[in-house]
Amino acid sequence: MNKQELIDILSDITKNDWLFKEADRVRHENVGDEVHLRGLIEFSNICKRQCKYCGLRSPNKDVERYRILKDELLLYAKNAVNLGYKTLVLQSGEDDYYDTDKMVEIIREIKKFDVALTLSIGEKTYDEYKAFKDAGADRYLLRIETTDQNLYEKMHPNASFENRQRCLYDLKSLGFETGSGCLVGLPNQTVESLADDILFFKELNADMIGIGPFIPHAQTPLKDAQKGDFWLALKVMALTRLNLPDINIPATTAMETLNPNGRLIALQSGANVVMPNVTSTEYRAKYEIYPGKICINDAPEKCRGCIEAKIKSIGRTISKEKGFRTGSQK
Ligand code: SAM
Ligand code: SF4
Ligand code: FES
């Protein structure tokens, strides 16, 4: 689709039902009815950055900070593998405690479990990304957040849009399955820029795209901003499926936070991935990027059973494979 077609669909609510059905059909034809589960380990909520929307930003003194060190992290990884997860995702703030050597050691240990490994630990240099890849990491998630450069730079003090893009192209060139995505509903974000976001995903040839509605957090500069619209976020996701038919698209936690059935609705509107948390409940509430996060009191076993029942209730099955992008099986 070209930019004008994307804008027209995004701006027209009478197209919603058609779009969601079409994205569901394209998902079924290209990636089938299996849902891939990715076990998410939020291993540090310490962050040096100041993203204006995020509760983990460094100036927020009200959050109790934690780091999960290697041995404990490996226990969660092992438990997740025993629960049947075939992919693990390590996510954190930009925490320099985990230098390249520490990350390489963790990556090597986790890869012994015969799982696919995704990292989501922010902006790094080419050499750092290369060291992670050489150690065995398979995938990397780094949302562009918005392709509106002016808005990007307003939302990210002391950060540059060029560097964000550089990171994504470095990851691609190193052979990572590269994930990106955007926030929907940032203050002053336009429908035109959301259309540009989708065109950027296509240009990057992203392998995974996560779309999340923006949810204001009380301890951030955006505390009084309006929250993102669930249905608009769903439309950006569905259009991403139509334009990149064979990629992996998660039904995001932020969608479920805004709509109690958000993940199932997303799975029926183009998504084929869910990322349940596999750490102990001790840490979940402290990883408060936005308020109202789901599952903060639920153990990994509970989430695994819960999501399986939900997926089965809509006639879908849980994949037993690692779930690489179709055609790039490793
Ligand atoms: N620090 C890494 C990074 O920023 O890429 C990974 C962790 S960060 C918490 C993961 C994602 O959370 C970000 O890409 C951002 O889109 C999302 N996020 C942060 N604050 C949010 C908010 N208030 N509402 C919705 N999503 C948010
Ligand atoms: Fe840090 Fe990521 Fe939150 Fe930005 S979005 S403050 S980089 S954890
Ligand atoms: Fe955590 Fe449902 S996925 S309780």
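The present account deals with the structure reproduced in this document.

## Some words on the site of ligand 1
Around ligand 1 sit 17 residues in total, of which Tyr53, Ser92, Arg143, Glu145 and Ile215 are the nearest. Take Tyr53: an N or O atom from its main chain is 2.9 Å from a nitrogen atom of ligand 1. Glu145 has a polar side-chain atom sitting 2.6 Å from an oxygen atom of ligand 1. Protein burial of ligand 1: of its 560 Å² of free accessible surface, 92% is covered by the chains.

## Overview of the pattern of salt bridges
According to the stated counting rule, one finds 30 salt bridges in the structure shown. Here Asp95 makes a salt bridge to Arg67, at a shortest N to O gap of 2.8 Å. Of this pair, Asp95 sits in the loop between β2 (87-92) and α4 (100-111) while Arg67 sits in the loop between β1 (34-44) and α3 (70-82); the two residues are 28 residues apart in sequence, bridging distant segments of the chain. Measuring nitrogen to oxygen at the nearest pair gives 3.8 Å for the salt bridge that ties Asp224 to Lys223.

## Quick notes on helix α8 (residues 191-204)
Over its 14 residues, α8 extends 20 Å from the first C-alpha to the last, a length consistent with the 20 Å expected when each residue adds 1.5 Å. Of the residues making up α8, those classed as buried are Ser193, Leu194, Ala195, Asp197, Ile198, Phe200, Phe201 and Leu204. Residues of α8 that are buried in the fold lie against α1 (3-11), α7 (161-173), β5 (177-184), β6 (208-213) and α9 (230-243). Following α8 by one or two positions, Asn205 adopts a phi angle in the positive range, close to 55°.

## Topic: helix α5 (residues 126-135)
Along an α-helix, residues three or four apart share an orientation, since each turn contains 3.6 residues. When α5 is considered as a whole, its buried residues turn out to be Tyr129, Phe132 and Ala135. Buried residues of α5, seen end-on, are gathered within an arc of 125° and therefore sit on one face of the element. Opposite the packed face of α5, turned more than 90 degrees from it, sit the exposed residues Asp127 and Asp134. Structurally, α5 contributes buried residues whose contacts are with α4, β3 (116-120), β4 (139-141) and α7.

## Concerning unusual backbone geometry
For Asp114, which is not glycine, the phi torsion reads 55° and is therefore positive. The backbone of Asn205 shows a phi angle near 55°, a positive value even though the residue is not glycine. By the secondary structure assignment, Asn205 is in the loop between α8 and β6.

## Some details on the packing of aromatic side chains
By the definition in use, this model includes 10 aromatic pairs. A ring pair is formed by Phe43 and Tyr98, whose centres lie 4.8 Å apart and whose planes are at 90°; its orientation type is edge-to-face. Here the residue Phe43 occupies a position in strand β1, and Tyr98 occupies one in the loop between β2 and α4, the gap between them amounting to 55 residues. Across this residue pair, the class does not change: Phe43 and Tyr98 are buried.

## Topic: the site of ligand 2
Around ligand 2, the neighbouring residues are Cys47, Arg49, Cys51, Cys54, Arg57 and Gly93. Residues of the shell around ligand 2, tallied by class, amount to 3 nonpolar, 1 polar and 2 charged.

## Details of the environment of Tyr66
Looking at the secondary structure, you find Tyr66 in the loop between β1 and α3. Classification of Tyr66 by relative accessible area gives buried; the value is 6%. For the pair Tyr66 and Lys124, spaced 58 residues apart in sequence, the C-alpha separation works out to 21 Å. Not counting residues up to four positions away in its chain, the partners in contact with Tyr66 are Glu42, Phe43, Ser44, Asn45, Ile46, Tyr283, Lys286 and Tyr287. Within the structure, Tyr66 has its side chain in polar contact with the backbone oxygen of Glu42 (distance 2.8 Å).

## Concerning the environment of Arg143
For Arg143, the location among the structural elements is in the loop between β4 and α6 (149-155). Under the relative-accessibility criterion, Arg143 is labelled partly exposed at 26%. Here Arg143 is in contact with Arg164, Ser180, Gly181, Cys182, Leu183, Gly210, Ile211, Gly212 and Thr252, once residues within four sequence places are set aside. Looking at Arg143, its side chain comes within polar contact range of the main-chain oxygen of Gly210, at 3.2 Å.

Calculation criteria
Residues numbered from 1 in each chain as written. Chains lettered and ligands numbered in written order. Predicted model: local features only at pLDDT ≥ 70, side-chain atom pairs only at ≥ 80, totals over all residues. Heavy atoms only, no water. Near = heavy atom within 4 Å. Polar contact = N/O pair within 3.5 Å; in protein donor to acceptor, adjacent residues only side chain to side chain. Areas by Shrake-Rupley, 256 points an atom, 1.4 Å probe, with all protein chains shown as cover. Salt bridge = Lys/Arg side-chain N within 4 Å of Asp/Glu carboxyl O. Helix = DSSP H or I, 4+ residues; strand = E, 2+ residues; numbered from the N terminus. Expected span 1.5 Å × (residues − 1). Buried < 20%, exposed > 50% of the residue type's maximum accessible area, 1.4 Å probe, protein only. Contact = heavy atoms within 4.5 Å. Arc of directions from axis to C-beta. Phe/Tyr/Trp six-rings, centres within 6.5 Å; stacked < 30°, edge-to-face > 60°. Nonpolar A, V, L, I, M, F, W, Y, C, P; charged D, E, K, R; others polar.

All we've got here are geometric facts, nothing functional implied.
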